[in-house]
Amino acid sequence: MTQQGAVLQGYNNELVKCIEDLCMQKQELTKQIQQAEEEKNKLQHEIQVLNEELERVCENLAQKVASRNELDKILAETEAAYMKILDSSRTLLNVLKKEVGNLKHTPELKTN
């Protein structure tokens, strides 16, 4: 019976060693899980910060695009008005030249 007790004691020792090994693996895995959770939280915070920054940049960009579009509209209107002024000036000049030409042909203005 002592031989059976010795075998049983050997099994018990191996079982205790396996349980201790499993506990050590669990502790190591728990440590790795904590590190991974910390890394995850850090990354989530960075993502949140980047998302907020992206939102600010997008809002700023939208404002700048709207301002540029308004400037494009003002420039187009100004250029159109300027072209009308040029056209009116050209027409006025042509009329004035014609009138001056007509005056030169009238007998009262001819010089001797």
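These numbers were taken from a predicted model, which means no experiment stands behind them. (Residues numbered from 1 in each chain as written. Predicted model: local features only at pLDDT ≥ 70, side-chain atom pairs only at ≥ 80, totals over all residues. Heavy atoms only, no water.)

### Here we look at the overall build of the chain
Now for step 1: If you tally the helices and strands in the chain, you get one helix and zero strands.
Now for step 2: Compactness check: the chain gives a C-alpha radius of gyration of 47 Å against a globular reference of 13 Å for 112 residues, more than 25% above the reference.
Now for step 3: Once the C-alpha set of the chain is aligned to its principal axes, its extents read approximately 160 × 15 × 15 Å.
Now for step 4: A total of about 10800 Å² of accessible surface is found on the chain, and carbon and sulfur atoms cover 60% of it.
Now for step 5: The centroid of the 15 positive side-chain charges in the chain is displaced by 16 Å from the centroid of its 19 negative side-chain charges. (Helix = DSSP H or I, 4+ residues; strand = E, 2+ residues; numbered from the N terminus. Rg over C-alpha atoms; globule rule 2.2 N^0.38 Å. Areas by Shrake-Rupley, 256 points an atom, 1.4 Å probe, with all protein chains shown as cover. Lys, Arg positive; Asp, Glu negative; His and termini not counted. Charge placed at Lys NZ, Arg CZ, Asp CG, Glu CD.)

### What about the pattern of salt bridges?
Now for step 1: According to the stated counting rule, one finds two salt bridges in the structure shown.
Now for step 2: A salt bridge links D21 to K17; its shortest N-O distance comes to 3.5 Å. Here D21 pairs with K17, and both are found in helix α1 (residues 2–104), just four residues apart, close to one helical turn.
Now for step 3: On the accessibility criterion, D21 (33% relative accessible area) is partly exposed.
Now for step 4: Of the charged contacts, one joins D87 and R90 as a salt bridge, the two residues approaching to 2.2 Å between their closest N and O atoms. Of the two residues, D87 and R90 are both situated in helix α1; the distance of three residues between them amounts to about one turn of the helix. (Salt bridge = Lys/Arg side-chain N within 4 Å of Asp/Glu carboxyl O. Buried < 20%, exposed > 50% of the residue type's maximum accessible area, 1.4 Å probe, protein only.)

### Things to note about the UniProt feature "coiled-coil region" (unreviewed entry) in the chain
Now for step 1: Here the UniProt feature "coiled-coil region" (unreviewed entry) sits at residues 19–71.
Now for step 2: Between the C-alpha atoms that bound residues 19–71 there is a distance of 76 Å. The span itself is 100% helix and 0% strand. (UniProt positions renumbered as here; feature names shortened; annotations may be inferred.)

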